[in-house]
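Residue-level structure breakdown
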Amino acid sequence: MNSTNVEDIPSNYGLTGEMELEVGMKFVNKDAAMLAVKNYNIRRSGEFKVVESDHSSCLASATSQDHAQLDSNVICQHIFPMVQADATICIKVLQGSVESAYGYKVSYKKVWLAKQKAIARIYGDWDESYNQLQRYFNALQTFVPGTIVDLQTRPYYVGNTLDRESVMFHQVFWSFPSCVEAFKHCKPLVSVDGTHLYGKYTGTLLMGIAQDGNNNILSIAFALVERENTDAWCFFLTNLRRHVATQPAVLLISDRHAAIKAALEREGCGWEHNVYCIRHIASNFATNFKSKEAKRHIVSAAYSKTQAQAQYYLELVRRSKCKS
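In this report, we go over the structure that sits alongside the text. Note that the structure is predicted; figures quoted are calculated from it, not measured.

What counts, and where the lines are drawn
- Residues numbered from 1 in each chain as written.
- Predicted model: local features only at pLDDT ≥ 70, side-chain atom pairs only at ≥ 80, totals over all residues.
- Heavy atoms only, no water.
- Salt bridge = Lys/Arg side-chain N within 4 Å of Asp/Glu carboxyl O.
- Buried < 20%, exposed > 50% of the residue type's maximum accessible area, 1.4 Å probe, protein only.
- Core = buried A, V, L, I, M, F, W, Y, C linked by side-chain atoms within 4.5 Å.
- Helix = DSSP H or I, 4+ residues; strand = E, 2+ residues; numbered from the N terminus.
- Contact = heavy atoms within 4.5 Å.
- Pairing = 2+ DSSP bridges.
- Expected span 1.5 Å × (residues − 1).
- Arc of directions from axis to C-beta.

**Quick word on the pattern of salt bridges**
Evaluated as defined, the whole model comprises 7 salt bridges. The salt bridge involving Glu 181 is made with Lys 184; its shortest N-O contact spans 3.3 Å. Under the relative-accessibility criterion, Glu 181 is labelled partly exposed at 39%. Given the relative accessible area of 51%, Lys 184 is considered exposed.

Here it is as structure tokens:
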């Protein structure tokens with residue numbers, strides 16, 4: 001290694017690792033120094049090991065095809081700008097970037113772990129994010145007056161002992177005043193559905209969608225719940241009816257999920273009119289009967305303006321089923 005004194009390491013060295021390490025280089029902390037050494041060895045197909053353990057430890061390089069130093073911390077540093085620009089970027093793209101930069105193929109698991117570390121650096125860790133929920137919704141209600149929030153928690157136990165200073169997040173419903181006002185000018189119908197969330201604590205996002213006169217869609221209500229069960233749907237649908245879709249005779253459109261059906265049957269849920277989503281019906285039909293033609297006729301029957309037109313398409317469906 002060279003003996004040229006350098007006052008400070010370039011800020012991008014940990015990312016590129018293209019410069020020579022020199023005696024006298026200064027790093028902001030130990031982690032930055034380790035990152036620079038790892039980059040240096042990885043790009044030279046080498047591996048280092050600590051040969052002394054005091055504060056003046058020496059590092060010895062050894063050529064190896066093992067890439068022990070290309071760990072998730074190094075990968076995190078490399079992919080950080082990509083994840084910061086697009087948090088949904090897929091792991092395979094990140095794998096390709098790492099291979100292009102370092103010349104090594106790294107495992108899916110290692111890159112996935114590196115991405116989680118990058119996301120935590122950008123957005124905070126999972127526990128801290130949940131801790132900020134109450135503060136976030138309080139801020140919404142303060143700075144966006146009229147924001148509707150129903151945040152529910154449960155007692156938190158450490159073993160069998162109740163922790164009186166902590167609570168556990170259960171579920172939350174929210175909607176913005178602009179959504180409530182906009183729905184007054186939309187068609188009197190709401191479509192509801194749920195989607196699974198992925199991460200440390202998983203969960204399900206429930207949403208209510210409205211449609212204006214030009215067939216543009218608008219999200220009007222949201223809820224984070226543990227899973228799609230009867231209690232969760234009752235919580236969401238009751239709040240949706242009570243705070244957002246308050247007009248009489250509003251039509252609720254949903255799939256045929258058993259939990260939705262059970263929630264609607266509960267007293268106080270508030271929905272008098274419910275129909276099933278034709279997209280889900282047609283998809284289930286195609287799965288059972290394997291006929292794309294019949295699926296198109298099912299959709300056409302649902303959109304028919306007259307009973308005669310609907311019967312015409314239903315007859316085509318029966319013929320298609322006979323053919324299949």
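**Quick word on the nonpolar core**
By size, the foremost hydrophobic cluster in this structure holds 31 residues, and its most contacted members are Phe 236, Leu 237, Leu 240 and Trp 271. Where this core is concerned, the elements lending two or more residues are helix H8 (177–183), strand E5 (189–196), strand E6 (204–211), strand E7 (217–225), helix H9 (230–244) and helix H10 (258–264). It is H9 that contributes the most residues to this core, 8 residues altogether. Apart from residues lying up to four places away in sequence, Trp 271 is in contact with Val 190, Leu 237, Leu 240, Arg 241, Ala 245, Val 250, Leu 251, Leu 252 and Leu 264. Core analysis: the next-biggest nonpolar cluster, separate from the first, contains 18 residues, Leu 70, Ile 79, Phe 80 and Val 111 among them.

**Points about the pairing of E5**
Pairing geometry for E5 and strand E8 (residues 251–254), over 3 bridges, is parallel. Its bridge partner being in E8, Ser 191 is matched across the sheet by Ile 253. As paired elements, E5 and E6 share 6 bridges and run antiparallel to each other. Pairing of Val 192 across the sheet is with Gly 208, part of E6.

**Observations regarding helix H4 (residues 91–102)**
In a regular helix each residue adds 1.5 Å, so 12 residues correspond to 16 Å; H4 covers 16 Å between its end C-alpha atoms and thus fits that length. If you check which residues of H4 are buried, you get Ile 91, Leu 94, Gln 95, Ser 97, Val 98 and Tyr 102. The arc that holds every buried residue of H4, seen down its axis, measures 160 degrees, which confines them to one face. In H4, the exposed residues that point more than 90 degrees away from the buried face are Lys 92 and Ser 100.

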